[in-house]
Amino acid sequence: MTEHRIDASLESAIDVFTAERAPVLRVGPGDTVTVRTLSAAGYTERQQQPGVDVPTLLDPRRGHCLVGPVAVAGARPGQVLAVRFDALVPDDWGYTGSGGVDTPVNRALGLADPTSRGPLLWEIDPERGVARNQLGLGVRTAPFLGVVGLPPESSGEHSTIPPRAIGGGNIDCRELVVGSTLYLPVTVPDALLFVGDGHAAQGDGEVSGTAIECGMTTTMTLSLLDTAPVEGVHADTPAGRITFGFDADLNTATTTALDRMVSWIAGEHGIGRAEALAMASVAVSMRVTQVANRTWGVHALLPHGAILA
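This report concerns the structure included in the present document. No experiment lies behind these values; they were computed from the predicted model shown. (Residues numbered from 1 in each chain as written. Predicted model: local features only at pLDDT ≥ 70, side-chain atom pairs only at ≥ 80, totals over all residues. Heavy atoms only, no water.)

**Quick notes on the pairing of strand β1 (residues 3–7)**
For clarity, the cut-off: Accessible area is worked out with a 1.4 Å probe on protein chains only. A residue is then buried under 20% of its type maximum, exposed over 50%, and partly exposed in between. The helix count covers DSSP runs of H or I at least four residues long, the strand count covers runs of E at least two residues long, and both are numbered beginning at the N terminus. In this description, strands pair whenever DSSP reports at least two bridges between them.
Only one face of β1 is buried, namely the one carrying His4 and Ile6, since none of Glu3, Arg5 and Asp7 on the opposite face is buried. When β1 meets strand β5 (residues 32–37), the two strands line up parallel, connected through five bridges. Each residue of the ladder has a partner; that of Arg5, found in β5, is Thr34.

Here it is, written out as structure tokens:
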């Protein structure tokens, strides 16, 4: 196993997914990588006032400020890239945007007008695990990366905003904390992993469109699997096993996540799908991962030990 380090810079940062960019780092299966990423906006300076923009690394910017691609030597379509999060350390400041953008959610809440913005600035204490904003209100932190993904196709540039069933990307799942392993079906040779969009804390749904957005120093171990227990993007986290569904239709996203969890339960316990669905009904929680990225994200969560063998 070899350890690597890479920081966000003009040479390593990018705001799209693409398989056509030369890797910024090449690693072997089993290697550990420490990546320093900026916030989703790519701010290079701390915001001093709520809602006031500061310089960004990439200008103009089309999507999330990511670092990548990281090539995993020998990875090929048909395999699965396992990304294990060994450490996630947020920067000591962050921000949360709210309102002021014409989205279906903001329109429904009466917050689409630009004058209705309600941004928060946060002081983050990584050691204590607490963040506090200018209103004097605080939350406990649970750091994770919002974007971890592979190019969906071998050619072209692809937006970082919608999560995808192929390649993952802007998953925004709050359960992907330290100790989690995210499994991504390999889409292109050498996998070509992009990461970023650090979140110090977020609720299920990311309902304002942002979490506590912050820079993040992530240490992750990258491995390759020839087979996986279930199709598609899935994870094993401290909270439990997770399967995902992503679609513009909430019903489709929900049934995709559930279908894969039913398959996982059936395979794990050697039972039929109807029986596995019944077990899911009493042991699995269906959660809306995020509502803000043009594509619904839903995840099915099976807590560890929920099914007693």
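**Describing the sheet that holds strand β20 (residues 240–247)**
Here is the rule: Throughout, an axis means a line fitted to C-alpha atoms (over the contacting stretch in the case of helices), and angles, computed between N-to-C directions, take values from 0 to 180 degrees. In this analysis, two residues are considered to be in contact whenever any of their non-hydrogen atoms come within 4.5 Å of each other.
Pairing is mixed across the open sheet formed by nine strands, whose spatial order is β1-β5-β18-β7-β15-β19-β20-β22-β21. Each edge of the open sheet carries a strand with a single partner, namely β1 and β21 (285–290). Averaged over all pairs of adjacent strands, the angle between their axes in this sheet comes to 25°, without regard to strand direction. Contacting β19 (234–237), β20, β21 and β22 (296–302), helix α2 (residues 250–269) crosses the sheet at an angle of about 145° to β20.

**Some points on helix α3 (residues 273–283)**
We apply this condition: The arc in question is formed by the directions pointing from the helix axis toward the C-beta atoms.
Inspection of α3 places Ala276, Ala280 and Ala283 among the buried residues, and these make up the whole buried set. On an axial view of α3, the arc spanned by its buried residues comes to 80°, and they lie on one face. For α3, the exposed residues lying more than 90 degrees away from the buried face are Ala274, Ser281 and Val282. Considering only its buried residues, α3 is in contact with α2, β21 and β22.

**Observations concerning the packing of aromatic side chains**
Operational definition: Paired rings are identified among Phe, Tyr and Trp, the last through its six-membered ring, by centres lying within 6.5 Å, and are further divided according to the angle between planes into stacked (under 30 degrees), edge-to-face (over 60) and tilted (the rest).
For the structure on display, the rule yields three aromatic pairs. Ring geometry for Phe17 and Phe194: centres 5.5 Å apart, planes at 90°, overall edge-to-face. Of this pair, Phe17 sits in strand β3 (residues 17–18) while Phe194 sits in strand β16 (residues 193–199), placing them 177 residues apart in sequence. Across the pair, exposure class does not vary: Phe17 and Phe194 are buried alike. Judged by centre distance (5.7 Å) and plane angle (15°), the rings of Phe244 and Phe246 are stacked. Phe246 carries the same exposure label as Phe244, and that label is buried.

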